[in-house]
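# What the coordinates show
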Amino acid sequence: MPHSDLLATAQRIALEAGALALRRRAEGVEVAASKSSSVDIVTEADRETEKLIRDALASARPNDGFFGEESGAERGTSGLTWIVDPIDGTVNFLYGIPHYAVSIAVVEGEPDPLTWSALAGAVVNPASGETFTATAGGGAFLNGERIHVAPPVDLSEALVATGFAYASEERSRQGRVIAGLLPQVRDIRRMGTASLDLCFVACGRTNAYFERTLSPWDHAAGALVAIEAGATVKGLGDRAPSRDFILAAEPKLTVRLERELVRLGI
Ligand code: LIP
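Keep in mind it's a predicted model, so treat the numbers as computed, not measured.

Glancing now at helix H6 (residues 216-228). Its 13 residues place the ends of H6 18 Å apart at the C-alpha level, agreeing with the 18 Å of an ideal helix rising 1.5 Å per residue. Taken as a whole, H6 carries its principal kink of about 30° at Gly-222. Taking burial as the measure, the 13 residues of H6 include twelve buried ones, the bulk of the element. Along H6, the residues that are buried comprise Pro-216, Trp-217, Asp-218, His-219, Ala-220, Ala-221, Gly-222, Ala-223, Leu-224, Val-225, Ala-226 and Glu-228. Within two residues after H6, Gly-230 carries a phi angle of roughly 105°, on the positive side.

Around the ligand sit 16 residues, and of these Asp-88, Thr-90, Tyr-166, Ala-194 and Glu-211 come closest. Between the ligand and Phe-164, the relevant distance is 2.9 Å, taken from an oxygen atom to a main-chain nitrogen or oxygen of the residue. Between an oxygen atom of the ligand and a main-chain N or O atom of Ala-194, the distance comes to 2.8 Å. Protein contact buries 95% of the 380 Å² of open area that the ligand shows by itself. Lining the shell around the ligand are residues from two domains, each supplying at least three of them: domain 1 (3-146) and domain 2 (155-264).

For the rest of this paragraph, the subject is unusual backbone geometry. The phi angle at Asn-143 is positive, at roughly 50°, despite the residue not being glycine. Along the chain, Asn-143 turns up in the loop between strand S9 (139-142) and strand S10 (145-146). Although it is not a glycine, Thr-213 sits at a positive phi angle of roughly 70°. Counting through the fold element by element, Thr-213 comes out in the loop between strand S13 (208-211) and H6.

This part takes up helix H4 (residues 168-181). For H4, with 14 residues, the first-to-last C-alpha span of 20 Å sits near the 20 Å given by 1.5 Å per residue. All of the buried residues along H4 are Glu-170, Gln-174, Val-177, Ile-178 and Leu-181. Projected down its long axis, H4 carries its buried residues within an arc of 100°, all on one side. Structural note: H4 exposes Ser-168, Glu-169, Arg-176 and Ala-179 on the side pointing more than 90 degrees away from its buried face. Contact partners of the buried residues in H4: strand S11 (159-162), strand S12 (187-189), S13 and helix H7 (251-263).

Counting 37 residues, the largest nonpolar core has Ile-83, Val-123, Phe-132, Ile-147, Tyr-209, Val-225 and Val-233 as the members making the most contacts within it. When contributions to this core are tallied by element, the ones reaching two or more residues are strand S6 (101-108), strand S7 (117-125), strand S8 (130-135), S9, helix H5 (194-202), H6 and strand S15 (246-249). Of the domains in this structure, domain 1 (3-146) and domain 2 (155-264) are the two that each give at least three residues to this core. With sequence-adjacent residues up to four places away left out, Val-233 is seen in contact with Ala-223, Ala-226, Ile-227, Pro-241, Ile-246, Leu-247 and Ala-248. Among the nonpolar cores identified, the runner-up in size contains 22 residues, and Leu-6, Leu-80, Val-84 and Val-106 belong to it.

This part covers the sheet that holds S13. The strand order across the open sheet built from five strands is S12-S11-S13-S15-S14, with neighbouring strands paired in mixed fashion. Of all strands in the sheet, those with a lone pairing partner are S12 and strand S14 (232-234), marking the two edges. The sheet shows a mean angle of 15° between the axes of neighbouring strands, taken without regard to direction. Sheet topology note: the S11/S13 ladder contains three bridges and is parallel. Each bridged residue has a counterpart across the sheet, and for Ala-161 the counterpart in S13 is Tyr-209.

Calculation rules
Residues numbered from 1 in each chain as written. Predicted model: local features only at pLDDT ≥ 70, side-chain atom pairs only at ≥ 80, totals over all residues. Heavy atoms only, no water. Helix = DSSP H or I, 4+ residues; strand = E, 2+ residues; numbered from the N terminus. Expected span 1.5 Å × (residues − 1). Bend = angle between axes of the 7 residues up to and from the residue. Buried < 20%, exposed > 50% of the residue type's maximum accessible area, 1.4 Å probe, protein only. Near = heavy atom within 4 Å. Polar contact = N/O pair within 3.5 Å; in protein donor to acceptor, adjacent residues only side chain to side chain. Areas by Shrake-Rupley, 256 points an atom, 1.4 Å probe, with all protein chains shown as cover. Domains from an automatic or database assignment. Arc of directions from axis to C-beta. Contact = heavy atoms within 4.5 Å. Core = buried A, V, L, I, M, F, W, Y, C linked by side-chain atoms within 4.5 Å. Pairing = 2+ DSSP bridges. Axes fitted to C-alpha atoms, helices over the stretch in contact; angles between N-to-C directions.

Below, the structure written as structure tokens:
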């Protein structure tokens, strides 16, 4: 498998970090601070888990760069950068909803989702014991078993996952788009963790996922898992996924869903 050494590092550290997050959840979780809004929160567990990941990567891959949600970015000299969300689905984690993940990806090139090439990624949900992994050209796996997107379906039969911004004015607009889409699809799911939303498309638990205002660490690993499982993962038009927009689905459904989302004013 290509990049197997990078994947082994990502998976080992993500599992270790996931075990720490699970322990902290069991001990009780409190908000440490808020960020872009009063509901965009960070916990001490987020910070502690990212420190574990950052220290482990510095030891294993001292020449690589780092870009994490809680402690920022540091350039390396190797041309590789580790993109880290220590606890994706922070609100689920705070409330004790067992649907959150450690997301670790390694990319080549600038740490910019518009231009990077993802080489390997691991998404670990410690509460469920599920580990999603992928390498570029090597396929996607759930607990070591190969996974693939669901077969093509019409829009009317599609189970579509999405998420919403932390900013209330953006949420109003997103709500209007969902109101227009809901009558046209099988159903909507809002599960609260972008990395797992992408992995669920990869293993056929949903047919599609889209969201706006994601950070690079939210989708770096999950997007690679989805692509390696046969999904199209894209931005609007011919752009790459970014904060502006990300859509992941079986290729035929992607075209139909994007067209409808644009019509609804996504
Ligand atoms: C979350 C994403 C989720 C999105 C939330 C938030 P966080 O990331 O995983 O998909 O809808 O607004 O951005 O903040 O828990 O790392």
